[in-house]
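Below, each chain spelled out in residue letters.
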Amino acid sequence: MTSASVIISKGREKPIIQQHPWIFSGAIDSIKGNPTPGDIVTVVSAEDKFLARGYWNPNSQIQVRILTWHDETIDDAWWRARIQSAIAARAHHPNLTAQRLVNAENDYLPGLVVDRYGDWLVLQALTLGIETRRALLTDILANIVKPQGIYERSDVDVRSREGLTHAEGVLWGEAPPARIEIDEYGLRILVDVRKGHKTGYYLDQLENRAQLRSLLAPKHLVLPNDFRFINLFSYTGSFGLHALASGAGYVCNVDSYREALQTGEEIIRLNNPDWISRTDSVMADAFELLRDHAKSGESFDLVVLDPPKFAHSAGQVEKAARGYKDLNLHAFKIVKPGGYMMTFSCSGAVSADLFQKIVFGALADSGRQAQIVKHLEQAPDHPVALTFPEGGYLKGLLLRVL
Ligand code: SAH
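Residues numbered from 1 in each chain as written. Predicted model: local features only at pLDDT ≥ 70, side-chain atom pairs only at ≥ 80, totals over all residues. Heavy atoms only, no water.

**A closer look at the nonpolar core**
Core analysis: the largest hydrophobic core is formed by 44 residues, its most contacted members being Tyr117, Ile182, Tyr201, Phe227, Phe229 and Met342. Only strand S9 (120–125), strand S12 (180–184), strand S13 (187–191), helix H5 (206–216), helix H6 (238–245), helix H7 (258–271), strand S17 (300–305) and strand S18 (335–345) provide two or more residues apiece to this core. Domain assignment of the residues forming this core places at least three in each of domain 2 (76–181) and domain 3 (202–401). The residues contacting tyrosine 117, other than those within four sequence positions of it, are Thr97, Ala98, Val122, Ile180, Ile182, Val191, Val193, Thr199, Gly200, Tyr201 and Leu203. Leu290, Ala311, Val317 and Ala320 belong to the second-largest nonpolar core, a separate cluster that totals 34 residues. (Core = buried A, V, L, I, M, F, W, Y, C linked by side-chain atoms within 4.5 Å. Buried < 20%, exposed > 50% of the residue type's maximum accessible area, 1.4 Å probe, protein only. Helix = DSSP H or I, 4+ residues; strand = E, 2+ residues; numbered from the N terminus. Domains from an automatic or database assignment. Contact = heavy atoms within 4.5 Å.)

**Concerning the environment of alanine 27**
Note on placement: alanine 27 falls in the loop between strand S2 (22–24) and strand S3 (28–32). Sequence-wise, alanine 27 and leucine 164 are 137 residues apart; in three dimensions their C-alpha atoms are separated by 23 Å. Beyond its immediate sequence surroundings of up to four residues, alanine 27 is in contact with Ile8, Ser9 and Arg12.

**Structural notes on the site of the ligand**
Every one of the 15 residues lining the ligand counts as a neighbour, but Arg209, Asp255, Asp285, Ala286 and Asp306 are closest to it. Phenylalanine 233 is positioned with one of its backbone polar atoms (N or O) 3.2 Å from a nitrogen atom of the ligand. Between alanine 284 and the ligand, the recorded distance is 3.5 Å, taken from a backbone N or O atom to a nitrogen atom. Looking at the shell around the ligand residue by residue, the class counts come to 8 nonpolar, 3 polar and 4 charged. (Near = heavy atom within 4 Å. Polar contact = N/O pair within 3.5 Å; in protein donor to acceptor, adjacent residues only side chain to side chain. Nonpolar A, V, L, I, M, F, W, Y, C, P; charged D, E, K, R; others polar.)

**Thoughts on the pairing of S9**
Counted residue by residue, S9 has 6 buried out of 6 residues, so it is predominantly covered. Neither face of S9 is open: one carries Trp120, Val122 and Gln124, the other Leu121, Leu123 and Ala125, and all of them are buried. Pairing of strand S8 (residues 112–117) with S9, which is carried by 6 bridges, proceeds in the antiparallel orientation. Among the inter-strand pairings, arginine 116 is bridged to a residue of S9, identified as leucine 121. Counted between consecutive antiparallel strands, the loop separating S8 from S9 contains 2 residues, among which glycine 118 sits at a positive phi close to 60°. (Pairing = 2+ DSSP bridges.)

**Focus: the sheet that holds strand S19 (residues 370–377)**
If you trace the 7 strands from one edge of the open sheet to the other, you get S16-S15-S14-S17-S18-S20-S19, paired in mixed fashion. Here the strands that pair on one side only, and so sit at the sheet edges, are strand S16 (279–283) and S19. Direction aside, the axes of adjacent strands within the sheet are offset by 15° on average. Together, strand S15 (250–255) and S16 form the strand contacts of H7, whose direction differs from that of S16 by roughly 170°. Across the sheet, helix H9 (residues 317–333) touches S17, S18, S19 and strand S20 (395–401), and the angle it forms with S18 is around 160°. (Axes fitted to C-alpha atoms, helices over the stretch in contact; angles between N-to-C directions.)

**Section: the side chain of serine 154**
Relative to the elements of secondary structure, serine 154 occurs in strand S10 (residues 149–154). For serine 154, the side chain forms a polar contact with the side chain of glutamate 152, separated by 2.5 Å. Setting aside anything within four residues of it in sequence, one finds serine 154 in contact with Leu123, Gln124, Ala125, Arg159, Thr165, His166 and Ala167.

**Considering the sheet that holds S9**
The mixed open sheet is built from 5 strands, whose spatial order is S7-S8-S9-S10-S11. A strand with exactly one partner marks an edge of an open sheet, and here the two such strands are strand S7 (98–103) and strand S11 (167–173). Taking the axes of each pair of neighbouring strands and ignoring which way they run, one obtains an average angle of 20° across the sheet. Sheet analysis places S9 next to S10, joined by 4 bridges and oriented parallel. Counterpart to tryptophan 120 in the pairing with S10 is glycine 149.

**Concerning the side chain of asparagine 106**
If you trace the backbone, asparagine 106 turns up in the loop between S7 and S8. Within the local environment of asparagine 106, its side chain forms a polar contact with the backbone nitrogen of alanine 385, the two atoms lying 3.0 Å apart. For asparagine 106, the residues in contact, after removing those within four places along its chain, are Pro383, Val384, Ala385, Phe388 and Gly391.

**Details of helix H8 (residues 286–296)**
For H8, the full list of buried residues reads Ala286, Leu289, Leu290 and His293. Buried residues of H8, seen end-on, are gathered within an arc of 100° and therefore sit on one face of the element. Turned more than 90 degrees from where H8 packs its buried face, Glu288 and Lys295 sit exposed. Packing partners of the buried residues in H8 comprise strand S14 (228–232), S15, S16, S17 and H9. N-capping of H8 is provided by aspartate 285, with a side-chain oxygen placed 3.2 Å from the backbone N of phenylalanine 287. (Arc of directions from axis to C-beta.)

Following this line, the structure appears as structure tokens:
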């Protein structure tokens, strides 16, 4: 058992009791003992009552990340059991070989993200507490999952708030190939875990892509047989691939990242060489392209709008809102009457409510009408702990535009 204690200021224990996993420095009265940064500490109230146990980083605004609200020992076996339980909660689907296995705070493992791509795991350590235990966690993952290799992609800027720099490379086993092939409900996708975005791919959108396909396939959405689709902010074009598999007559993938578009074309050929003639890959600024199409009257039966994060903090919400409004306004203008639009925001600071209001504002300015067919959110392997609303960030709307 650890000897160091973090004593919470009087009246500041409520969020801890309500099981929010973060303790900010402002809620801390004093530290008893001599913990080293990254150590496990016991969190007690001003009356010396046990509250929680977690890891400590005096150089972070979030000084403690809580691991347990029970008076239990945090040893190697504890970490193993937690990881095992996160993995056991993920369903196995024969046509799904990529999945988030550990979703940090939301799986009660603050600071740790683990994604599986085929036979490889990609680990992201967001905090010092995880960084100091990287070797142990790697061993546990190797032991439970038995992958071919584990690769680190801790190249995220939030690490600087923990006093950490970027870290990348092989942690265990074999180096991953330049591209790992994964199966996304029967479609073949190539993932570059070294240079790709996030840990290589947008797993959080996986179910929304599948949703689009299932809505198109049994013709729940009434679209012409050879419908025209523009996939804005396409990355490697997975929404487009699902649309091609559902009979799209034309798919235009648009992104500003050339390599992603090139990989996207390779992926299309890999799945069905005939599909390439029905596809365009356009390297462009999506804002400008939308404006041009809106002006020239170019229109589509289906529009997907999946921009990167606009608001990185609460202070950026207003500016982000203007960006979303502009984008959605021009997108409404290029949807054919009776067509559909899937519009997303992955800014955690923009709530689903606010996003819907922004889209409503854009609609009003566009002079169109629209119905919400479905509310969309992040995939179920990215669960949100109910005590940690910060864990929910992706929201979207499937709209029918009149
Ligand atoms: N829909 C994708 C994920 C998109 S992530 C999927 O399902 O996999 C956002 C994408 O926006 C990234 O690929 C990024 O390269 C691209 N992007 C960022 N700014 C852009 C801009 N101004 N114009 C076009 N694409 C942009």
